[in-house]
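Coordinates in review
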Amino acid sequence: MGIRYEDLNDMHMDVLREIGNIGAGNAATSLSVMLGQPIDIALPKVQLLDFNSVTDAMGGPETLTYGVLLSLTGEIDGMVMFLLNKDFAHLMLNALMGEAFASFDEMDEMALSAIREVGNILSAAYVKSISELTGLDIHMSVPEVSIDMAGALLSMPLIKFGAVGDRVLFIEENFQSVSESVASNMILFAEPTSLSLMLSKLGIS
Amino acid sequence: MASITVGISDLKLANPPDTLITYALGSCVGICLLDPITRVGGLSHIMLPSSAAVTGDLNVMKFADTAIPDLIKKMERKGASRTRLKAKIAGGAQMFGAGQTGGTASNDMWQIGQRNVQAVTAILQKIGIPIIAKDVLSNYGRTVLFDPATGIMTVKSLNKNVKEL
């Protein structure tokens, strides 16, 4: 037995929002350290969306998107995917690598590593909040990075978890640095038994 | 003329001058079928190779083994003949873990695109429909347009030339 995203009620969503809030706080702290400048994150928007709404949120299925994908194992079976738009990726790269980063074509191995590291840090911030709030032991895999159409990037986790349900937990964050405001989007995929375990550890079932 | 959009786990039919399009295939596979005499065309966007392990409600359009027979049946109802059908296929990429980023790609789940392509190829072969063109595997996303008037499958990817197959 397990809980599908489709079965979640308002109380469940409030709890998941709280995880999102704490995760965002952790993420802002980690990013500030990494980038060497203060970063604030507005309260993230946590929603259940179907596939088409997710690609719409990225600007359409064919929009050039930076995707970072990690598997969650241990007591949870799931995946985290970060979808970063060009603005976000460029802000991070420019801050990290200290040079103007012009286009997709210039994406080299070092830039990909930097994107992977940003994804890793943001994911770790969220996974830590889930782990701390639930007491569950969760392991993260090494992140995989890919730059392509938003819809194509999403196909992999959707295939793995698509048989489970067609909605995903979508967390939209707005990061505010001294000079710029950029958005990133995180999607949490979880098997129904994992979702149900997480919620029961949080005191609701 | 209308451009008919085929969603993910979806299939649609079209007659000229209408055309079919499906956006951003990653590991999924798009299957274009055409009866060149009646010009009945069809496009199916599958996510998974087999419905065998699924219990309960089943979206037949999601799986290669159920979507392809369903598409053929619907095309026959519109006047297509199974014996005349020809196929063109695209997609089945490995979007993550293809080695270009140095991650750990040990899990065979990463290769779902390849398994989708194998399943689609085997099913079409079993039914006796020849695959006359394909643009599959590799590590990038594809948008597929299919024009039943010409039988041309157009494949668009980011930062790549448009292919007409």
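Notes on the structure in this doc start here.

Examining the overall build of chain A
- Broken down by element type, chain A carries six helices and eight strands.
- The linear arrangement of helices and strands in chain A, starting from the amino end, is α-β-β-α-β-β-α-α-β-β-α-β-β-α.
- A globule of 205 residues ought to have a C-alpha radius of gyration of about 17 Å, and chain A, at 16 Å, matches this closely.
- Once the C-alpha set of chain A is aligned to its principal axes, its extents read approximately 50 × 30 × 25 Å.
- In chain A, buried positions account for 57% of the 205 residues.
- Across chain A, contacts joining residues at least 24 apart in sequence account for 76% of those joining residues at least 6 apart.
- When the accessible area of chain A is evaluated, it comes to approximately 8,000 Å², of which 50% is carbon and sulfur surface.
- Here chain A contributes 9 positive and 27 negative side-chain charges, whose respective centroids are spaced 6 Å apart.

Re the packing of helix H1 (residues 64–77) of chain B against helix H2 (residues 112–127) of chain B
All names here are of chain B.
- Two numbers describe how H1 lies on H2: the axes approach to 9 Å, and their chain directions differ by 45 degrees. Judged by the angle between their axes, H1 and H2 are oblique. Note on packing geometry: the crossing formed by H1 with H2 is right-handed. For the pair H1 and H2, the contacting residues are Ala64, Asp65, Ile68 and Ile72 in the first and Ala119, Val120, Ile123, Leu124 and Ile127 in the second.
- Tallied by class, the residues present in the contact of H1 with H2 amount to eight nonpolar, no polar and one charged.

Let's talk about helix H6 (residues 192–201) of chain A
All names here are of chain A.
- Taken together, the buried positions of H6 are Pro192, Ser194, Leu195, Met198 and Leu199. Around the axis of H6, the buried residues are gathered within 165 degrees of arc, so they sit on the same side.
- Packed against the buried residues of H6 are helix H1 (10–35), helix H4 (109–134) and strand E8 (181–190).
- Looking one or two residues beyond H6, the residue adopting positive phi is Gly203, at roughly 90 degrees.

Structural notes on the sheet that holds strand E2 (residues 10–14) of chain B
All names here are of chain B.
- Ordered in space as E2-E5-E4-E6-E7, the five strands form an open sheet in which the pairing is mixed. Among the strands making up the open sheet, the edge pair consists of E2 and strand E7 (131–136). The mean angle between the axes of side-by-side strands here comes to 10 degrees, regardless of whether they run parallel or antiparallel.
- Bridge count between E2 and strand E5 (residues 40–46): five bridges; the pairing is antiparallel.

So, how was this worked out
- Along each chain, residue indices are assigned from 1 in the same order as the chain's sequence is written.
- All chains are assigned letters beginning with A, and all ligands numbers beginning with 1, in the order in which they are written.
- It should be noted that, the model being predicted, local features are given only for residues of pLDDT at least 70 and side-chain atom pairs only at 80 or more, the latter also being counted only at that level, while totals for whole chains, interfaces and linings use all residues.
- With hydrogens and water stripped out, all remaining heavy atoms of the structure feed into the side-chain values.
- A helix here means a DSSP run of H or I that spans at least four residues, while a strand means a run of E at least two residues long, and both kinds are numbered starting from the N terminus.
- For this measure, only C-alpha atoms enter the radius of gyration; the expected value for a globule follows 2.2 Å times N^0.38, where N is the number of residues.
- Only protein chains enter the accessibility calculation, which uses a 1.4 Å probe; a residue whose area is less than 20% of its type maximum is buried, one above 50% is exposed, and one in between is partly exposed.
- Residues are treated as being in contact if the distance between any of their heavy atoms lies within 4.5 Å.
- Computed by Shrake-Rupley with a 1.4 Å probe, the accessible areas treat only the displayed protein chains as cover when residues are assessed.
- We score Asp and Glu as negative and Lys and Arg as positive, and we do not count His or the chain ends.
- For this purpose, a charge sits on NZ of Lys, CZ of Arg, CG of Asp or CD of Glu.
- Fitting a line to C-alpha atoms yields each axis, with helices limited to the stretch in contact; the angle taken between N-to-C directions then spans 0 to 180 degrees.
- For this classification, under 35 degrees means roughly parallel, over 145 means roughly antiparallel, 65 to 115 means roughly perpendicular, and everything else is oblique.
- In this scheme the crossing of two helices becomes right-handed for a clockwise turn of the near helix relative to the far one and left-handed for an anticlockwise turn of less than a right angle.
- Each residue is assigned to one class: nonpolar for Ala, Val, Leu, Ile, Met, Phe, Trp, Tyr, Cys and Pro, charged for Asp, Glu, Lys and Arg, and polar for all the others, Gly among them.
- Directions drawn from the helix axis to the C-beta atoms are what define this arc.
- Two strands form a pair only when DSSP identifies at least two bridges running between them.

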